[in-house]
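Close look at the chain arrangement
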Amino acid sequence: ERLAGEIYALAGHAFNINSPQQLGKVLFEELKLPAPGRTSKTKSYSTAADVLEQLATAHPVVAKVLEYRQLSKLKGTYVDALPALINPATGRLHTSFNPAGTATGRLSSSNPNLQNIPIRTELGREIRAAFLPREGWKLLVADYSQIELRLLAHMSRDPLLVEAFRRGEDIHARTAAEVFGVTPLEVTPELRRNAKAVNFGIIYGLSPYGLAAQLGIPQSEAQAYIQNYFARYQ
């Protein structure tokens, strides 16, 4: 509600923030922000996240709308939905694991989806902190450990990658140190996250433009990251 009030003040009037049509009209017709073109289906302006992220510095209302959407998602997906899934007999959440729900053969989880509990933002981590096992029990996390990168090391025989896996190193932290030119001790969680995007992105042919959009950095910087990557991992 606070954010909505701030958005209305910046826009000059109240409107439905969740309506792409109304939001597009406010941003591109009333506030005259550079329009990304219209989507052919509805002839309305695109207000997708990637469009708004590119406009985030153009007007303060855009950053507020992105924050509003993030909070709406956390509220709708978790804060409102999770209490409704509590089992009245046990007072706890009980997920369902689906052995045939994914194309890759991973277990999927539903009601709630335990594999999709937020962790990247401070507010998301607060929601995650509410998941506690009952007394005497533990939460078990089991996941493939950087499976694509292990395949890449195996097929490319790159000495640095192979050595990192043989020594049981954190490959994303190792890449962060190599690509960003810092010591392993200086690798922050943010640098590790960026290195993860570089590691997986490059395998799948991510361009400097795509990497720049993903990390919120200039394209020239993304190009430098990719060049550094290939200089280290030949």
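Above this note sits the structure.
Residues numbered from 1 in each chain as written. Predicted model: local features only at pLDDT ≥ 70, side-chain atom pairs only at ≥ 80, totals over all residues. Heavy atoms only, no water.

**Observations concerning unusual backbone geometry**
Outside of glycine, negative phi angles account for most residues, and trans bonds account for most peptide bonds. Rules: Working definition: helices are DSSP H or I runs of at least four residues, strands are E runs of at least two. Numbering for both runs from the N terminus. Only protein chains enter the area calculation, which uses a 1.4 Å probe; residues under 20% of their type maximum are buried, those over 50% are exposed, and those in between are partly exposed.
The peptide bond linking Asn-111 to Pro-112 adopts the cis configuration, its omega dihedral lying at 0 degrees. Located in the positive-phi region is Asn-111, a residue other than glycine, with phi close to 50 degrees. Take Asn-111: it is sitting in the loop between strand 2 (108–110) and helix 6 (122–128). Taking relative accessible area as the criterion, Asn-111 reaches 54% and is therefore assigned exposed. Phi at Arg-157 is positive, roughly 55 degrees, even though this residue is not glycine. Tracing the sequence through the fold places Arg-157 in the loop between helix 7 (147–156) and helix 8 (159–166).

**A closer look at the pattern of salt bridges**
Under the convention used in this document: Salt bridges are counted wherever a side-chain nitrogen of Lys or Arg sits within 4 Å of a carboxyl oxygen of Asp or Glu.
With the rule as written, the count across this model stands at ten salt bridges. Where Lys-75 meets Asp-80, a salt bridge forms, and the shortest distance between an N and an O atom there is 2.8 Å. Look at Asp-80 and you get partly exposed, because its relative accessible area is 43%. Arg-192 is the partner of Asp-170 in a salt bridge, and the nearest nitrogen-oxygen pair spans 2.8 Å. Residue Asp-170 is found in the loop between helix 8 and helix 9 (171–180), and its partner Arg-192 is found in helix 10 (residues 189–203); the two are separated by 22 residues along the sequence. What makes Asp-170 partly exposed here is its relative accessible area of 34%. Here the salt bridges share partners, and the residues they tie into one network are Glu-163, Arg-167, Glu-169, Arg-174, Glu-178 and Arg-232.

**Some words on helix 12 (residues 219–232)**
Which entries qualify depends on this criterion: How far a helix is expected to stretch is found by multiplying one less than its residue total by 1.5 Å. Two residues form a contact once any of their heavy atoms are found within 4.5 Å.
With 14 residues, helix 12 extends 20 Å from end C-alpha to end C-alpha; this agrees with the ideal 20 Å at 1.5 Å per step. Those residues of helix 12 hidden inside the fold are in contact with helix 7, helix 9, helix 10 and helix 11 (208–215).

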